[in-house]
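# Report on the structure
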Amino acid sequence: MERFDLTEHAHRRFNLLTGEWVLVSPHRTKRPWQGQVEKLPPETRPAYDPTCYLCPGNSRAGGVSNPQYTSTFVFDNDFAALLPNDVAAGAGAGSDLLRAEPTRGICRVLCFSPRHDLTLAEMEREDLRKVVDAWAQQTEELGREPFINYVQVFENRGAMMGASNPHPHGQIWSTSAVPVEPAKEARTQGEYFAHHGRHMLLDYLRVEEEAARAGGGRIVCDNAHWVALVPFWAVWPFETLVLPRRVVTALPELTGDERDDLADILKRLTTRYDNVFEVSFPYSMGWHQQPTDGQEYPGWLLHAHFYPPLLRSATVRKFMVGFEMLGEPQRDIPAEAAAARLREQSEVHYRAQR
Ligand code: H2U
Ligand code: ZN
């Protein structure tokens, strides 16, 4: 029998955070690929777009006008998916077979910059720091609401991900229920802490640091306070996880130095992404912070996930279909190869290299 080799043989990897498996098929990368690795023409956008509902001074749905903002700008989502109104939980709200429960929340939109033509990768570090501050401030403010038990900060970037507007922006949905993904992570991190008395993600980071010292592993880039890596169990081709080096449970706890360093790691990571296919890399990214329901969450570590869909070129994306919808997620290129690909990218944005 051949010796089991992660770079050769089909295997399953365990996602520590979700408690779920991903199928890895490295041998499939040897199959012929005849597609072109095409480049898209460079995108050009004006610094101000009179038709953009996020640009300063422009009007939004419902006729409200944005102020002439000069850094970040937050407003309540005009089409919020959750509303703060209290709805009496009716007696007929469900049964064993038809379960439902009322839910509430506050949804906001955060413009990262007044400039319509920028992205996180192309913003200055000092302006990215303001985005970090706004994320922390919103988390603090919304988390303080008695009926808000979880604050989800995220960015959905690029038309491929369904983002409605290229103006640099993210969203914050704060909810009365702790959503499914953070609820899984609360369980897995809590169980690990109960068994080991240590934070699972910090132990995992030690393993990655050791692998990096041995000349391999999955770390993409790092600085004094943060590490960006392709997790061992990544599902999306270029998925990454951004981890702090110390125990932090939520964005408001970050010190000034940690916030500056976060701005740095965000800029460097998103620049590497954009450089892979010389395109503004689409992704969904977001922070997993400790719920704000006042409960104890032993073992919780603040972290961000980047889930980008691109696979082989600026236009060839991964689809989660077939076996993945019905069985479990699958990938061909092992996480190590994706990490090496991101690691070899320049930290100078391709648009600045021309
Ligand atoms: P996306 O690009 O990820 O779709 O985010 C844009 C958000 O902006 C979206 O949630 C909101 C949409 O509801 N929006 C407003 O609040 N006001 C508007 O005038 C248009 C869009
Ligand atoms: Zn705009």
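Attention here is on the structure that accompanies the text. All of these numbers come straight from a predicted model, not from anything done at the bench. (Residues numbered from 1 in each chain as written. Chains lettered and ligands numbered in written order. Predicted model: local features only at pLDDT ≥ 70, side-chain atom pairs only at ≥ 80, totals over all residues. Heavy atoms only, no water.)

For helix α6 (residues 335–343), every residue scored as buried is listed here: Ala-335, Ala-338, Ala-339 and Leu-342. Angular distribution of buried residues about the axis of α6 spans 100°; they occupy a single face of the element. Lining the buried residues of α6 we find β1 (11–15), β7 (219–222), β9 (240–244), α4 (256–277) and β12 (330–331). (Buried < 20%, exposed > 50% of the residue type's maximum accessible area, 1.4 Å probe, protein only. Helix = DSSP H or I, 4+ residues; strand = E, 2+ residues; numbered from the N terminus. Arc of directions from axis to C-beta. Contact = heavy atoms within 4.5 Å.)

Let us look at the coordination of the zinc ion (ligand 2). Taken together, Cys-52 (SG), Cys-55 (SG), His-116 (ND1) and His-167 (ND1) make up the protein donors of the zinc ion (ligand 2), found 2.0 to 2.4 Å from the metal. Its 4 donor atoms give the zinc ion (ligand 2) angles of 102 to 116° at the centre, a pattern that matches the tetrahedral case. (Donors = N, O, S within 2.8 Å, 3.2 Å for Na, K, Ca; no water. Tetrahedral: all angles 85-135°; square planar, octahedral: opposite > 155°, others 65-115°.)

With that settled, the discussion passes to the pattern of salt bridges. In the structure shown here, the tally under the stated rule is 28 salt bridges. Residue Lys-184 is joined to Glu-20 by a salt bridge in which the shortest nitrogen-to-oxygen separation is 3.1 Å. Remark: Glu-20 occurs in strand β2 (residues 20–24) and Lys-184 occurs in helix α2 (residues 180–196); sequence separation between them is 164 residues. A salt bridge links Arg-104 to Asp-86; the nearest nitrogen and oxygen atoms lie 3.7 Å apart. With Arg-104 in the loop between β3 (73–76) and β4 (105–111) and Asp-86 in the loop between β3 and β4, the pair connects residues that are 18 residues apart, well separated along the chain. Take Asp-86: its relative accessible area is 61%, and that puts it in the exposed class. (Salt bridge = Lys/Arg side-chain N within 4 Å of Asp/Glu carboxyl O.)

Okay, the sheet that holds β2 next. The sheet built from 3 strands is open, its strands ordered β1-β2-β12 with mixed pairing. A strand with exactly one partner marks an edge of an open sheet, and here the two such strands are β1 and β12. Examined bridge by bridge, β1 and β2 share 5 bridges and lie antiparallel to one another. Each residue of the ladder has a partner; that of Phe-14, found in β2, is Trp-21. (Pairing = 2+ DSSP bridges.)

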